[in-house]
Amino acid sequence: MKLLKDATIYIIIFILISSVLYFFLSNKRKENEKVYLNQKIEKASAEFKATLNGYDMIIYFVYKRYMYDPEVVAVLSKAYRDRKDLDRLRKRLYLLLKPLYSDLKRYQIKYFRFYFPDGTTFIRFHRPDKFGDRPEKEKFSIFDLGKNHSERDTVGFKYTFPVTDGKILIGNVEFTLPFSAVRVEMRKIFKGEYNFLIIKDLIFSKDFSEEKQNYIQSEIDPDFYYEEDPEFRVVRWNIPEEIISSINIKIREKVKGNLEDFRPKSIAVDINGDYYIASFIPISNKKEKYIGYLVYYEKDNTYGVFKNTFIISYVGINLLVGLLLTMSFILGVIKERFRAMAEIDTLTGIYNKGKFNNIVKVELDRSKRYGRPLSLILFDIDHFKKINDAFGHQVGDYVLKTLAQIVSSKIRSTDFFARWGGEEFVILAPETDLEGAQILAEKIRKAIEEYPFETVGKVTSSFGVTEAYGNDSVDSFIKRADAALYKAKDKGRNRVEIELPADIYSDKI
């Protein structure tokens, strides 16, 4: 029972340590994953900014190189000042800048126009047949590098610059970079997949009526749409389209209701055993109003390491803890066995004389301190030598072991039972006075006498009983019980006798 109890305690300790370990390693894993995902956000944001910075430099170079060209400025100045022969001037400007426009298209900058200070469009290079209009409302744009801005024909990043003839403002030049163009360029450079998610309210606004047919409701959140411009349709995906769809479906629950906060976020999902990370970079227009996200998808070979490291660490440390606890348990068992060898009689399985001497001293001191009764029963087997001589020592050992079992079944759990030596046994009964001890001894004597021992048949025992008194030492206490035992033997054996101190008037404890 003690072994089972100890094993249960060790198992409980292991479970507690394992639980604490799981909590600690799980939190550590979450912290590492959070740091890593934040790095992904920073990476995606840096790539986005780097791409836009590249376009900034290209467009600004074009502006400085061509919008200060004397021929270009002369055509625009003449068109602005007298507004005559605009068709011829428009064709002249188109021919002058057609090579530039061809170069711009190679960089996906397909939207390029001039308009007068009052907003009237002079020429659209992407739609030269449409001119002379003056939109009353400003449509959506994100970025404006110049000082002026006006209506635009497509959705994306707008760059507007003033054009002067050295004296007065004669108009503005506007370059617009579509979302899809940025997406295509980033796919080439960084080998990921990208989407621009635009908030539903903007897609369905009046200013967006011409463009919304190019937008499809996102699988991630029905309140956001992504652009599907036929001009920039993806032919070969860096990440298969069906994988992108699976990623969107998996992260839908994770970001449900959270996209409206327009905070950067990065989410990892497992698709068929491979990890993919989707990073959401908020984008805003020039009025600092958030209108959507750049979503960057990439396959990641590192994120799974956090899970594997967690599993390896958790299992490894658990194995180590389990091994240490097992070794501790085994050492405890070995120690207990050595203790038992030092305290337990190997034949009968009860306490030996050395252990009993320690117990009787402690119990006698406690009896004196608290004034509680304490009794001692000393007994041995009658004519045990004859049993050994007649039936052999093996039978004698059987009688000793069986007798120990009989007595153990008759005493209380608080009583102490030991082999005193040879065929002698002793019982220490705390909280038991002389009368109670005498009754207990008689019960045991009768149980031994009535037990049918194999081979031997009937076995009897003689008992000496005493109770501790005020001036008793361990020696005087035991000697008095021994004197009672000899009295029982002198009176014919198989009986119980008691012995009191010589001074019967001593105060009982």
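What counts and how
- Residues numbered from 1 in each chain as written.
- Predicted model: local features only at pLDDT ≥ 70, side-chain atom pairs only at ≥ 80, totals over all residues.
- Heavy atoms only, no water.
- Buried < 20%, exposed > 50% of the residue type's maximum accessible area, 1.4 Å probe, protein only.
- Helix = DSSP H or I, 4+ residues; strand = E, 2+ residues; numbered from the N terminus.
- Pairing = 2+ DSSP bridges.
- Phe/Tyr/Trp six-rings, centres within 6.5 Å; stacked < 30°, edge-to-face > 60°.
- Lys NZ or Arg CZ within 6 Å of the ring centre and 35° of its normal.
- Axes fitted to C-alpha atoms, helices over the stretch in contact; angles between N-to-C directions.
- Contact = heavy atoms within 4.5 Å.
- Core = buried A, V, L, I, M, F, W, Y, C linked by side-chain atoms within 4.5 Å.
- Expected span 1.5 Å × (residues − 1).
- Bend = angle between axes of the 7 residues up to and from the residue.
- Patch = residues over 30% accessible without salt bridge, like charges linked within 9 Å, V, L, I, M, F, W, Y side chains within 5 Å.
- Areas by Shrake-Rupley, 256 points an atom, 1.4 Å probe, with all protein chains shown as cover.
- Salt bridge = Lys/Arg side-chain N within 4 Å of Asp/Glu carboxyl O.
- pLDDT = per-residue confidence, 0-100.
- Parallel < 35°, antiparallel > 145°, perpendicular 65-115°, else oblique.
- Nonpolar A, V, L, I, M, F, W, Y, C, P; charged D, E, K, R; others polar.
- Polar contact = N/O pair within 3.5 Å; in protein donor to acceptor, adjacent residues only side chain to side chain.

Caption draft 1: View of the pairing of strand β3 (residues 156-164). With seven of nine residues buried, β3 lies mostly within the body of the structure. Bridge analysis of β3 against strand β4 (residues 169-178) gives nine bridges, and the strand direction is antiparallel. Within the sheet, the bridge partner assigned to Lys 158 lies in β4 and is Thr 176. The turn joining β3 and β4, which pair antiparallel and follow one another in sequence, is formed by four residues; a positive phi near 95 degrees is taken by Gly 166.

Caption draft 2: Examining the packing of aromatic side chains more closely. For the structure shown, the criterion picks out 38 aromatic pairs. Ring geometry for Phe 112 and Phe 175: centres 4.9 Å apart, planes at 5 degrees, overall stacked. In this pair, Phe 112 sits in strand β1 (residues 111-115) while Phe 175 sits in strand β4, placing the two residues 63 residues apart along the sequence. Taken as a pair, Phe 112 and Phe 175 share a single burial class, namely buried. Seen in terms of ring centroids, Phe 262 and Tyr 293 are 5.3 Å apart; in terms of plane orientation they differ by 15 degrees. Their pairing is stacked. Pair noted here: Phe 262 is in the loop between α6 (241-255) and β8 (265-271) and Tyr 293 is in strand β10 (residues 290-300), with a separation of 31 residues, a long-range link. Taking relative accessible area as the criterion, Tyr 293 reaches 0% and is therefore assigned buried. Feature note: the residues Tyr 60, Tyr 63, Tyr 68, Tyr 94, Tyr 101, Phe 112, Phe 114, Phe 125, Phe 161 and Phe 175 constitute an aromatic cluster, connected by ring pairs. Here the guanidinium or amino end of Arg 90 rests over the ring plane of Phe 131, the centre of that ring lying 3.6 Å away.

Caption draft 3: Here's a closer look at the sheet that holds β1. Strand order in the open sheet formed by four strands is β2-β1-β4-β3, with antiparallel pairing between adjacent strands. Single-partner strands in this sheet number two, and they are β2 (121-124) and β3. With direction set aside, neighbouring strand axes in the sheet form an average angle of 20 degrees. Against the sheet, helix α2 (residues 70-82) engages β1, β2, β3 and β4, with an angle of about 115 degrees to β4. Where helix α4 (residues 179-190) meets the sheet, its contacts fall on β3 and β4, and the angle it forms with β4 comes to roughly 55 degrees.

Caption draft 4: Molecular detail of the nonpolar core. Counting residues in hydrophobic clusters, the biggest one holds 72 residues, and the most contacted among them are Phe 48, Leu 93, Phe 112, Phe 114, Phe 175 and Phe 280. In terms of residue count, the dominant contributor to this core is helix α1 (residues 2-66) (eight residues). Other than its neighbours up to four places away in sequence, Phe 114 contacts Met 67, Leu 76, Leu 93, Leu 97, Thr 121, Phe 122, Ile 123, Phe 125, Val 163, Asn 172 and Val 173. Within the second largest apolar cluster, 30 residues are counted, among which are Ile 387, Phe 417, Ala 437 and Ala 447.

Caption draft 5: Looking closely at helix α3 (residues 86-106). In this model α3 runs 29 Å from its N-terminal to its C-terminal C-alpha over 21 residues, within 8% of the 30 Å that 1.5 Å per residue would give. Bending of α3 peaks at approximately 50 degrees at the position of Leu 97, with proline Pro 99 no more than four residues after it. For α3, the full list of buried residues reads Leu 89, Arg 90, Leu 93, Leu 97, Leu 100, Tyr 101 and Leu 104.

Caption draft 6: Local environment of a nonpolar patch on the surface. On the surface, Leu 320, Leu 323, Leu 324 and Met 327 cluster together into a nonpolar patch covering about 390 Å² of accessible area. Note on placement: Leu 320 falls in helix α7 (residues 303-343). Assessed through its relative accessible area of 47%, Leu 320 is described here as partly exposed.

Caption draft 7: Region of the structure containing the pattern of salt bridges. Tallied over the full model, the rule gives 32 salt bridges. Salt-bridge contacts for Lys 489 lead to Asp 380; the nearest nitrogen and oxygen are separated by 2.4 Å. In this pair, Lys 489 is assigned in helix α12 (residues 474-490) and Asp 380 in strand β11 (residues 374-381), connecting sequence segments 109 residues apart. The closest approach of N and O atoms between Lys 458 and Glu 449, which form a salt bridge, is 3.3 Å.

Caption draft 8: Structural context of the confidence of the model for the protein chain. When pLDDT is averaged across the protein chain, the result is 87; 90% of the residues are at 70 or more. Contacts of residues 136-140 to residues separated by more than four positions or lying in other chains number 20 contacts, the stretch itself having pLDDT below 50. Low pLDDT (under 50) marks residues 144-153, which in the prediction has 43 contacts with non-local residues, meaning those over four places away or in another chain.

Caption draft 9: The pairing of strand β9 (residues 274-284), seen in detail. Burial of β9 is extensive: nine of the 11 residues sit out of reach of the surface. Linkage of β8 to β9, two consecutive antiparallel strands, is achieved through a turn of two residues, within which Asn 272 is found at a positive phi near 55 degrees. Bridge analysis of β9 against β10 gives 10 bridges, and the strand direction is antiparallel. Looking across to β10, one finds that Ser 284 is bridged to Tyr 290.

Caption draft 10: The packing of helix α8 (residues 353-370) against α12, seen in detail. Here α8 crosses α12 at 110 degrees, and the two axes come no closer than 10 Å. In terms of their interaxial angle, α8 and α12 are classed as roughly perpendicular. Of α12, the residues touching α8 (which contributes Asn 357, Val 360, Lys 361 and Leu 364) are Val 474, Phe 477 and Ile 478. Counted by class, the contact of α8 with α12 contains five nonpolar, one polar and one charged residues.

Caption draft 11: Geometry of the environment of Lys 200. Counting through the fold element by element, Lys 200 comes out in helix α5 (residues 200-203). Judged by relative accessible area, which is 32%, Lys 200 ranks as partly exposed. As for Lys 200 and Asp 223, which are separated by 23 residues in sequence, their C-alpha atoms are 5.0 Å apart. Beyond its immediate stretch of four places on either side in the chain, Lys 200 contacts Pro 222, Asp 223, Phe 224 and Tyr 225.

Caption draft 12: Looking closely at the side chain of Thr 460. By the secondary structure assignment, Thr 460 is in the loop between α11 (434-450) and β14 (461-467). Reaching out from Thr 460, the side chain makes a polar contact with the side chain of Asp 382 at a distance of 2.7 Å. In this structure, Thr 460 is in contact with Asp 380, Ile 381, Asp 382, Glu 449 and Asn 494, ignoring residues within four places of it in sequence.

Caption draft 13: Molecular detail of the side chain of Asn 388. One can find Asn 388 in helix α9 (residues 384-391). In this structure Asn 388 comes out as buried when scored by relative accessible area, which is 14%. When near neighbours in sequence (up to four residues on either side) are disregarded, Asn 388 contacts His 393 and Gly 396.

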